[in-house]
Amino acid sequence: IDFLWQFSLSVKQRYAREDGGRQIDWLEFNHILRPLLDSPEVKRLADYKHHWNKNRLEHSLEVAWHGYSVCKRLGLDYAAAARAGLLHDLFFYDWLTEGPRLHGFRHPRISLANARTITSLSARERDIIRKHMWPLTVVPPRYPEAWIVCMADTYCGIKDYVVLSRKLNEG
């Protein structure tokens, strides 16, 4: 859990700012996610590498933060974006070496099934998790929050690989 504290501090320092006269509330973000972060299933995500430089929990927290902050600024359901952003990759295998064929197409449904075992989900949260890999999911997201989390996930993934590319070019 030490890395959660470190993540919390780094995001707070990096992103907490005045936005149109209102403070993006890092404490609120933590309050929304705390019940999920206390679940053993979500904690297990720290055991799985994701992309090249993060574990799956770190990635999911980053996606949740971006979804939360954008949705809050836009007056959307930021709690749903944060919760579903955290749960969007709730699967328990190394997707590079194991798991189902066509992982990119299949893991949203696996993540949704796993999320439903640990918490009740709104229709909006289910849509966010199920369609976060659009266009691979074929059916597009229904809610603006789902579009935002989908874009946040894509942004975080691209950013991780850009960092890898820079490190490889430097070294």
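That block above? That's the structure.
Fair warning: this is a prediction, and the values are worked out from it, not measured in the lab. (Residues numbered from 1 in each chain as written. Predicted model: local features only at pLDDT ≥ 70, side-chain atom pairs only at ≥ 80, totals over all residues. Heavy atoms only, no water.)

The subject of this paragraph is the overall build of the chain. A count of helices and strands for the chain gives eight helices and four strands. Element order for the chain, N to C, with α for helix and β for strand: α-β-β-α-α-β-β-α-α-α-α-α. Counting across all 171 residues of the chain, residues that qualify as buried make up 46%. In the chain, once contacts between residues fewer than 6 apart in sequence are set aside, the share between residues at least 24 apart is 62%. (Helix = DSSP H or I, 4+ residues; strand = E, 2+ residues; numbered from the N terminus. Buried < 20%, exposed > 50% of the residue type's maximum accessible area, 1.4 Å probe, protein only. Contact = heavy atoms within 4.5 Å.)

Across the ten residues that make up helix α5 (residues 78–87), a large majority, eight, are buried. Taken together, the buried positions of α5 are Ala80, Ala81, Ala82, Arg83, Ala84, Gly85, Leu86 and Leu87.

What follows concerns the side chain of Thr119. Tracing the chain through its elements places Thr119 in the loop between α6 (103–118) and α7 (123–130). A relative accessible area of 19% means that Thr119 is categorised as buried. Within polar-contact distance, the side chain of Thr119 engages the side chain of Arg83 at 3.3 Å. Leaving out residues up to four positions away in the same chain, Thr119 has contacts with Leu36, Arg83 and Leu87. (Polar contact = N/O pair within 3.5 Å; in protein donor to acceptor, adjacent residues only side chain to side chain.)

A separate point is the packing of α5 against α7. It is the contact of α5 with α7, at a shortest axis distance of 9 Å, that shows an interaxial angle of 40 degrees. By the criterion of interaxial angle, the relationship of α5 to α7 is oblique. The two elements α5 and α7 meet at a crossing, and its hand is right-handed. Where α5 abuts α7, its residues Ala79, Ala80, Ala81, Arg83, Ala84 and Leu87 lie against Arg124, Glu125, Ile128 and Ile129. For the contact of α5 with α7, the class distribution of residues is seven nonpolar, no polar and three charged. (Axes fitted to C-alpha atoms, helices over the stretch in contact; angles between N-to-C directions. Parallel < 35°, antiparallel > 145°, perpendicular 65-115°, else oblique. Left-handed = near helix turned anticlockwise from the far one by under 90°. Nonpolar A, V, L, I, M, F, W, Y, C, P; charged D, E, K, R; others polar.)

Applying the stated criterion to the full structure yields eight aromatic pairs. Ring centres 5.2 Å apart and planes at 55 degrees place the aromatic pair Phe29 and Tyr68 in the tilted group. With Phe29 in helix α2 (residues 26–37) and Tyr68 in helix α4 (residues 56–74), this residue pair connects regions lying 39 residues apart in the sequence. The interplanar angle of 55 degrees and the centroid separation of 6.3 Å between the aromatic rings of Tyr48 and Phe92 together place this pair among those described as tilted. In this pair, Tyr48 is assigned in the loop between α3 (40–44) and β3 (49–50) and Phe92 in the loop between α5 and α6, connecting sequence segments 44 residues apart. For Tyr48, a relative accessible area of 18% puts it in the buried group. The exposure class of Phe92 is partly exposed, given its relative accessible area of 22%. When the ring centre of Phe92 is taken as origin, the NZ or CZ atom of Arg44, which lies over that ring, is 4.0 Å away. Against the face of Tyr78 rests Lys72, its NZ or CZ located 5.1 Å from the ring centre. (Phe/Tyr/Trp six-rings, centres within 6.5 Å; stacked < 30°, edge-to-face > 60°. Lys NZ or Arg CZ within 6 Å of the ring centre and 35° of its normal.)

On to the nonpolar core. Soluble, globular proteins show a tendency: their nonpolar side chains are buried together. Core analysis: the biggest nonpolar cluster contains 32 residues, and Phe29, Leu33, Leu86 and Leu87 have the highest contact counts within it. Elements supplying a minimum of two residues to this core: α2, α4, α5, α6, α7 and α8 (144–170). Once you skip the residues sitting within four places of it in the chain, Leu87 turns out to touch Leu36, Val42, Ser111, Ala115, Ile118, Thr119, Leu121 and Ile129. (Core = buried A, V, L, I, M, F, W, Y, C linked by side-chain atoms within 4.5 Å.)

Bringing the packing of α2 against α4 into the picture now. Between two packed helices, both the angle of their axes relative to each other and the distance between the axes serve to describe the pair. One way to put it is that α2 packs onto α4 with a least axis distance of 11 Å and a crossing angle of 135 degrees. As judged from the angle between their axes, α2 and α4 are oblique. In this structure, α2 crosses over α4, and the sense of that crossing is right-handed. Residues Trp26, Glu28, Phe29, Ile32, Leu33 and Leu37 of α2 lie in contact with α4, whose contacting residues are Leu57, Leu61, Ala64, Trp65, Tyr68 and Lys72. Considered class by class, the residues forming the contact of α2 with α4 number ten nonpolar, no polar and two charged.

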